[in-house]
Structure formats: C-alpha cells, structure tokens
Amino acid sequence: MAGKVWFIGAGPGDPDLITVKGRKLLEQAGAILYAGSLVDQAATMYAPEGCVIRDSKDMTLEEMVAWVIDQASRNAIVVRLQTGDPGLYGALIEMTRPLTAAGIEWAVVPGVSSAMASMAAAGESLTLPEVTQTVILTRTAGRTPMPEGEDLVSLARHHCTLCIYLSITLLHEVQAALREAGWREDAPILVVQKASWPGLEKIVRGTLADIKRKCQDEKIGSQAMIVASPTLGSADWESLVRSKLYDPTFTHRFRKASEDNGND
Ligand code: SAH
C-alpha cells in the first residue's frame, strides 16, 4: 500500500483548536507521529482504536523519516502532528524532501500558530489601523543562526508587531535589541506561556523595562511567546482610529457607504 503522509498543524495546545480537516484526518489515521508533549492530547483524543501513536521527541530526523515511510507502506493515512502551524519552525521541508524522493505523496494541513493564540488569549489585536498594519514572526538566534538582515534590531526598527518565538530564555537579548532599535522603556510587552492550554495558560503584561523581572516572578522559562507591539493595551485607549472596513462612510464590495468618501 502506498499511503499518504499528512503534516497537520495541531494548533497551540487546546485540542479544540485543531482544524476540522486535521481532526477528520486524525480520526482516520493508521499511524501518528507527534511532536512532543504539546500535541499528545490531540493525538490520543482523536486517534481511532488500533492507531499506532509515537512521540518523536527522542528521534532524529532520519529516524522520523524512516518511521513515516515504513508506516506509509502499511497505512493509507499517516499523520505527522506538529504544534501550531507545521510551516513555522517545524522542520517541514527537511521531512518532505525525503518523502518526495521515496515517491510518497504528502500534503500539509495548516494550524493555528501560537502567535495568534497568544494574542487571542490576551484579547489583543495583531494589527490596528494607523498604528501598525504589519506583523513579523521571528525568533532570536539560538543554535540556528539568523540569516543576514534578519537580526532583531533591524526587524524591530519597523516598530510593527513582533511575535518572537523560541526566545523566552533569551529575553534579555530581546530587550537589548528593542532598546537598540529605539523602543521606549515603557513600550508594552506581552508574554504568554502555554497559550490556549486549558488551566495552564499564563499571561504576563509588562514593559520593555520590567518584562524580564515579571517573567522571572511567574517562573516562565519555556513554551512562551513574546509579543512586542504598538497595538498592545489598545482595548483601554481613550481614542482609536476607526477600522475602515466597518466605517459607515467606507464603501467596499459587500456594503455601500452611506456617504461615499472615495475609498475603494
Ligand atoms: N509551529 C509552532 C512553533 C514551534 S516553535 C507554531 O506555529 O506555533 C516552538 C515555539 O513556539 C516555542 O518556543 C514558543 O515560543 C512557541 N509556542 C508554541 N506553543 C505555544 C503556546 N501554546 N503558547 C505560547 N507559545 C507557544
């Protein structure tokens, strides 16, 4: 049998945040290889009886590829279940290339990334009219170096929303980069640990000056998203520029303006 391998985004942790498509595939899977503790709940919750379920945390990439190829020879649907979206820091292409080389069909089902889940948990918006219309998903250099031009200082100079993955243990470096890029000491910073995990989520709001101390007080040292954004706290601002989409004077495809203001 030549099975198909599905790379499925499990979402940020809450098993309800997997997509309907992802869940349907899990329910029919003959084998599931999941990535660590973050997604084991979804794997075990939706897998059918008799499904082979394996945690990949102690496997090398070569071992994972060999396991998946072997399972695809016996099952029509093989799932590689990953946190958030498979295309973000998920070693997706390293896995798909050997599958293609082996003549095995594969496809990707996207997932809710932890950046979106973190902002949702805090009731914050990634974009805001005339404040920022841009989101950068990035990380600090760890063992994986940052390509040229993508150092945090350069990215932070845009003063847009920065969602910083894989960097909570390097929070001091994030602070230094934001300072060098001209962010003020009172700039709001959000850290969310285990966003969407029922009962385990922690939301820490601070400023560039005090976020590190606050995270230490809360003992946050892993599985956390750092967000630096000029939109943070906007729910409590006194005034806000109106979003054009819902402005009564703005015409768009689905609604005629009460008073045409020349926008399209
Ligand atoms: N593919 C994943 C990211 C994997 S990299 C995604 O799209 O979300 C792992 C990093 O993601 C962690 O270091 C942390 O920064 C972030 N992360 C993953 N799950 C998280 C969660 N539930 N809450 C906060 N951050 C999370």
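So, here is what we can say about the structure in this document. Small disclaimer: the values here were computed from a predicted structure and weren't measured. (Residues numbered from 1 in each chain as written. Predicted model: local features only at pLDDT ≥ 70, side-chain atom pairs only at ≥ 80, totals over all residues. Heavy atoms only, no water.)

This paragraph deals with the sheet that holds strand β10 (residues 224-228). Whenever strands of a sheet pair, they do so through backbone hydrogen bonds, lying parallel or antiparallel. Pairing within the open sheet is mixed, and its five strands lie in the order β6-β7-β10-β8-β9. Each having just a single partner strand, β6 (135-139) and β9 (202-207) make up the two edges of the open sheet. Each strand of the sheet is rotated relative to its neighbour by a mean of 20 degrees, with strand direction disregarded. Judged from the three bridges that link them, strand β7 (residues 161-165) and β10 form a sheet pairing that is antiparallel. Counterpart to C163 in the pairing with β10 is V227. On the sheet, helix α7 (residues 171-180) packs against β7, β8 (188-193) and β10 and is oriented at approximately 10 degrees with respect to β10. (Pairing = 2+ DSSP bridges. Helix = DSSP H or I, 4+ residues; strand = E, 2+ residues; numbered from the N terminus. Axes fitted to C-alpha atoms, helices over the stretch in contact; angles between N-to-C directions. Contact = heavy atoms within 4.5 Å.)

Of all residues adjacent to the ligand, which total 18 residues, the nearest are L88, S113, S114, A195 and A224. Within the side chain of S114, an N or O atom sits 2.7 Å from an oxygen atom of the ligand. Take L166: an N or O atom from its main chain is 3.0 Å from an oxygen atom of the ligand. In isolation the ligand offers 550 Å² of accessible surface; the protein chains occlude 91% of this area. Of all the secondary-structure elements, those providing two or more residues to the shell around the ligand are α5 (114-121) and β10. Of the residues assigned to the shell around the ligand, the class counts are ten nonpolar, six polar and two charged. Structurally, the shell around the ligand is a two-domain feature, drawing no fewer than three residues from each of domain 1 (4-109) and domain 2 (114-236). (Near = heavy atom within 4 Å. Polar contact = N/O pair within 3.5 Å; in protein donor to acceptor, adjacent residues only side chain to side chain. Areas by Shrake-Rupley, 256 points an atom, 1.4 Å probe, with all protein chains shown as cover. Nonpolar A, V, L, I, M, F, W, Y, C, P; charged D, E, K, R; others polar. Domains from an automatic or database assignment.)

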